[in-house]
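Listed here are the chains, written in short residue letters.
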Amino acid sequence: MSLFSNLHRETKFLAKQRNLQLLFATIFVLSCFAVWSGISETTSQITTIERLIEKDTIDREGVLAKQSDYGSAAYYSFHLTYSSPSNMAFAAIGQRDIYPWKHRIRMLAIEGQIYETDADNPELSFLGRFDFAFLVSVLLPLFVILLLHDIRSVEREAGRYDLLVTTSKRQQRLWFSRAIVMCSALSIALILPFIAGALYTQASLATTGLMLLVVLGHITIWMTLTLTFTASKAAVKQSSAKIASMLLAVWLAVAVLVPVISNIAIEKMVTSPKGGDILLTQREAVNDAWDLPYSATWDEFLSTHPQWKNGIDMGPTFEWKWYYAFQQVGDQKASKLSNAYREATLKKDKLASHFAWLSPPMLTQRLMSSIAQTDTYAAMRYEQNIRNYHKELREFYYPLFFTENTFNLDKMSELPKFSDHKEKSKG
Amino acid sequence: MQEEIIAASSLCVRLNNQTILDNVNFNVAKGEIFALLGGNGAGKSTTLKTLLGIVPPSEGSAAVMNKSVKTDIDFIRSKVAYLPESVMLYGHLTGVENIEYFLSLADITCSESDIERALVRVALQEKAWRQPMSNYSKGMRQKAAIALALLRDAPILFLDEPTSGLDPNAIDEFNQLIATLAAEGTTVFMVTHDVYGACQIAHRIGLLDHGKVVGMFERGDQSHINTEEVHSAFSKRNKR
């Protein structure tokens, strides 16, 4: 008998089991909710960004019109930076829940503005957001266990097992076909809402395909694990309830314990400065500068910007060029900590990627976040985009501070514009 | 010499350090109805399960159609129709759907009229054919399972306590059906603790006690085996 005939028989068999149909309907509803929740969140983020872009320009133009010198213009005007969600972000909100995706920055020292808040979201630290990635990485194994834990034992308990195995031409094909049919129905219930979501957000075919591969891969892992366990000697004499308990213990270990323990281990293994330390270092440097002789600031500033050595003469009154120079020095003093923070974040992420091999749910979540461009790397790319943009602002203003004396509002139309450098069509 | 269909030779089965079958020897010829008789825990079902490849032999050999249960179990299972003691088919499927499902497991395609003919032959009421099996009595389930065995058209029938729980009329009908099948060349191997039923239907009876065959009774020229003789031997053994 061909595998196809086996699958056809088991599909007809499944179609007559109302309890399973109810379960698949529930999973379908959960998947719809997860996709809807993700789309709502990303739509809200996009709307917020669009609204802020519009307000940002109006606000800046209003502020600049009231200024009479470049220093005040730089001091009072804000600049919006943002990281738009990719078209696939609805499926895995990922680190966008933890790291900020919008900042309004000024020409002041930048590191303190980036690390004004530490990356932390205690409300979501345990369960996470109910998005498609959560459904697939955390709940999907439970669905597979629920469907397959008693694939053999329920037949033993009902007294049908011997009849089934002696009647079946190839008994392994019976269990395999039954498992394939149930897992296919589970996949359809999970995937259909996701595909609808991907079409709605116009996600690319490649990322949609990759996401589907991850989902199917995760189902295959748990199907193989559950089938192997239920066929093992350890499960032969166990009741369905005991087999379910043992498989749930495995799920608990890999979906909860491994991530928690690996997080503790990573925190012990990697020493990282806190965002607050960076902020404090930078602010102390800025505040101290007011009480120090001008030369202390200029020496530090000129070590990185020697091109302005001829423009550092100071009059008897306050001058903006000195003010922005010590903001620059504040960043320079905080840069060591800031680099250490970024290196530690990358190291933690790399270690987490190793630990993820022990936990299929963790690995699945990481892969989905990576495909959706909502992982740690995406968050760090955004941080770097902010730094790059802030650098462009400095490169625009410094010549004005050091060489121009008369404020020209028209010049402000040449202010660099922020771009999040994301090709939306890719996501 | 009649063709030997089932043979057990020095068959031993040990499970969890307990000897369940101890040096069991018997053989069953083509078209013969052989009953293995014994009390609870005598090892009857283990013998049947060993022949079906569900329980592996520890020593000795068991063969069906000259094929070893150790090496050719797929072949053996394709030639055997098995009727378990307590027939529990799928409650959410109808009688006809259950038969269709199990036949398709065995890679057998039957038309609905073939199934209906088999159900008529086992005297299952027509109104029950398309009812969910959860509504069936034990006797009705047994009949549906016998219909399944008939449709498999297997040359060998393995029956585990086949008349247990059936009413007297159903037992008579069942016995008649088995006798007809044997006359048509089907070999029947049954395990039972029903002395009277076994004597009525079997051509030969093996008496199993604590995993050993302790007696063999034959019909000879009589229409059935001497019930008194078997009962006396069975009672003595059970009183020990």
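Residues numbered from 1 in each chain as written. Chains lettered and ligands numbered in written order. Predicted model: local features only at pLDDT ≥ 70, side-chain atom pairs only at ≥ 80, totals over all residues. Heavy atoms only, no water.

A count of helical and extended segments in chain B gives eight helices and 10 strands. Taken against the 2.2 N^0.38 rule, which gives 18 Å for 240 residues, the C-alpha radius of gyration of chain B at 18 Å falls within 12% of a compact globule. A principal-axis box enclosing the C-alpha atoms of chain B has dimensions of 50 × 40 × 40 Å. Contacts in chain B between residues at least 24 apart in sequence constitute 68% of all its contacts with a sequence separation of at least 6. Here chain B displays about 10,800 Å² of accessible surface, and carbon together with sulfur accounts for 44% of that area. (Helix = DSSP H or I, 4+ residues; strand = E, 2+ residues; numbered from the N terminus. Rg over C-alpha atoms; globule rule 2.2 N^0.38 Å. Contact = heavy atoms within 4.5 Å. Areas by Shrake-Rupley, 256 points an atom, 1.4 Å probe, with all protein chains shown as cover.)

This part takes up the nonpolar core. Counting 145 residues, the largest nonpolar core has Phe158, Phe189 and Ile205 of chain B as its most contacted members. In this structure, Phe189 of chain B is in contact with Ile6, Phe26, Val28, Phe34, Leu36, Thr47, Leu48, Leu51, Leu157, Phe158 and Leu159 of chain B, ignoring residues within four places of it in sequence. Membership of the second largest hydrophobic core comes to 43 residues, among which are Ala74, Tyr82, Met107 and Trp322 of chain A. (Core = buried A, V, L, I, M, F, W, Y, C linked by side-chain atoms within 4.5 Å. Buried < 20%, exposed > 50% of the residue type's maximum accessible area, 1.4 Å probe, protein only.)

Residues and elements named next belong to chain A. Here the structure, examined in full by the defined rule, presents 44 aromatic pairs over all chains. Residues Tyr324 and Phe401 carry aromatic rings whose centres are separated by 4.6 Å and whose planes lie at 10° to one another, so their mutual orientation is stacked. Remark: Phe401 occurs in helix H16 (residues 376-403) and Tyr324 occurs in helix H14 (residues 320-355); sequence separation between them is 77 residues. Residue Phe401 is classed as buried on the basis of its relative accessible area of 10%. (Phe/Tyr/Trp six-rings, centres within 6.5 Å; stacked < 30°, edge-to-face > 60°.)

On to unusual backbone geometry. All names here are of chain B. With a phi angle near 50°, Asn16 is a residue other than glycine that sits in the positive phi range. Residue placement: Asn16 occurs in the loop between strand E1 (4-15) and strand E2 (18-29). Judged by its relative accessible area of 63%, Asn16 is exposed. Even without a glycine there, the phi angle at His210 is positive, about 45°. Here His210 is to be found in the loop between strand E9 (204-209) and strand E10 (212-218). In this structure His210 comes out as exposed when scored by relative accessible area, which is 62%.

So, on to the state of the cysteines. Put plainly, a disulfide is one covalent bond tying together the sulfur atoms of two cysteines. All names here are of chain A. Following the criterion strictly, the structure yields zero disulfides over all chains and no others. Here Cys183 stays unpaired: no disulfide links it, and the sulfur of Cys32, its closest cysteine neighbor, is 20 Å away. What makes Cys183 buried here is its relative accessible area of 3%. (Disulfide = S-S within 2.5 Å.)

On to the pairing of strand E8 (residues 187-192) of chain B. Residues and elements named next belong to chain B. Burial analysis of E8 places six of its six residues in the buried class, which makes it a mostly covered element. Here E8 shows a buried face lined by Thr187, Phe189 and Val191 and a second buried face lined by Val188, Met190 and Thr192. Pairing between strand E7 (residues 156-160) and E8: five bridges, direction parallel. Each residue of the ladder has a partner; that of Leu157, found in E8, is Val188. This β-α-β element, E7 to helix H6 (residues 168-183) to E8, shows right-handed connectivity. (Pairing = 2+ DSSP bridges. Right-handed = clockwise from strand over helix to strand, strands pointing away.)

Turning to the interface of chain A and chain B, a few remarks are in order. Where interface size is given, it is often the accessible area lost as the parts come together that is meant. Each partner contributes residues to the interface: chain A has 22 residues there, and chain B has 22 residues. With both chains or domains summed, chain A and chain B bury close to 2,200 Å², and 60% of this area falls on carbon and sulfur atoms. By the criterion of area lost to chain B, the three top residues of chain A are Leu163, Thr166 and Thr167 of chain A, representing 28% of everything that side buries. Between Asp107 of chain B and Lys169 of chain A there is a salt bridge; the shortest N-O distance is 3.8 Å. In this assembly, chain A and chain B are joined by nine residue pairs in polar contact (both at pLDDT 80 or more). (Buried area = accessible area lost by both parts, 1.4 Å probe. Salt bridge = Lys/Arg side-chain N within 4 Å of Asp/Glu carboxyl O. Polar contact = N/O pair within 3.5 Å; in protein donor to acceptor, adjacent residues only side chain to side chain.)

Residue and element names in this part refer to chain B. With mixed pairing, six strands are arranged side by side in an open sheet as E6-E7-E8-E3-E9-E10. Both edges of this open sheet fall to strand E6 (80-83) and E10, since each of them pairs with a single strand only. Averaged over all pairs of adjacent strands, the angle between their axes in this sheet comes to 15°, without regard to strand direction. One ladder, built from six bridges, connects E9 with E10; its direction is antiparallel. For Leu208, the partnering residue across the bridge sits in E10 and is Val213. Of the strands in this sheet, E6 and E7 touch helix H5 (residues 138-152), which is tilted by about 175° from E6. Along the sheet face, H6 touches strand E3 (33-37), E6, E7 and E8 and points at about 155° away from the line of E7. (Axes fitted to C-alpha atoms, helices over the stretch in contact; angles between N-to-C directions.)

Let's shift gears to the packing of helix H8 (residues 171-201) of chain A against helix H9 (residues 205-231) of chain A. Residue and element names in this part refer to chain A. Here H8 crosses H9 at 155°, and the two axes come no closer than 10 Å. One element, H8, and the other, H9, form an angle in the roughly antiparallel class. Considering only the axes of H8 and H9, their crossing is right-handed. On H9, the residues touching Trp175, Phe176, Ala179, Ile180, Cys183, Ser187, Leu190, Ile191, Phe194, Ile195 and Ala198 of H8 are Thr208, Met211, Leu212, Val215, Leu216, Ile219, Met223 and Leu227. When its residues are assigned to classes, the contact of H8 with H9 shows 17 nonpolar, two polar and no charged. (Parallel < 35°, antiparallel > 145°, perpendicular 65-115°, else oblique. Left-handed = near helix turned anticlockwise from the far one by under 90°. Nonpolar A, V, L, I, M, F, W, Y, C, P; charged D, E, K, R; others polar.)

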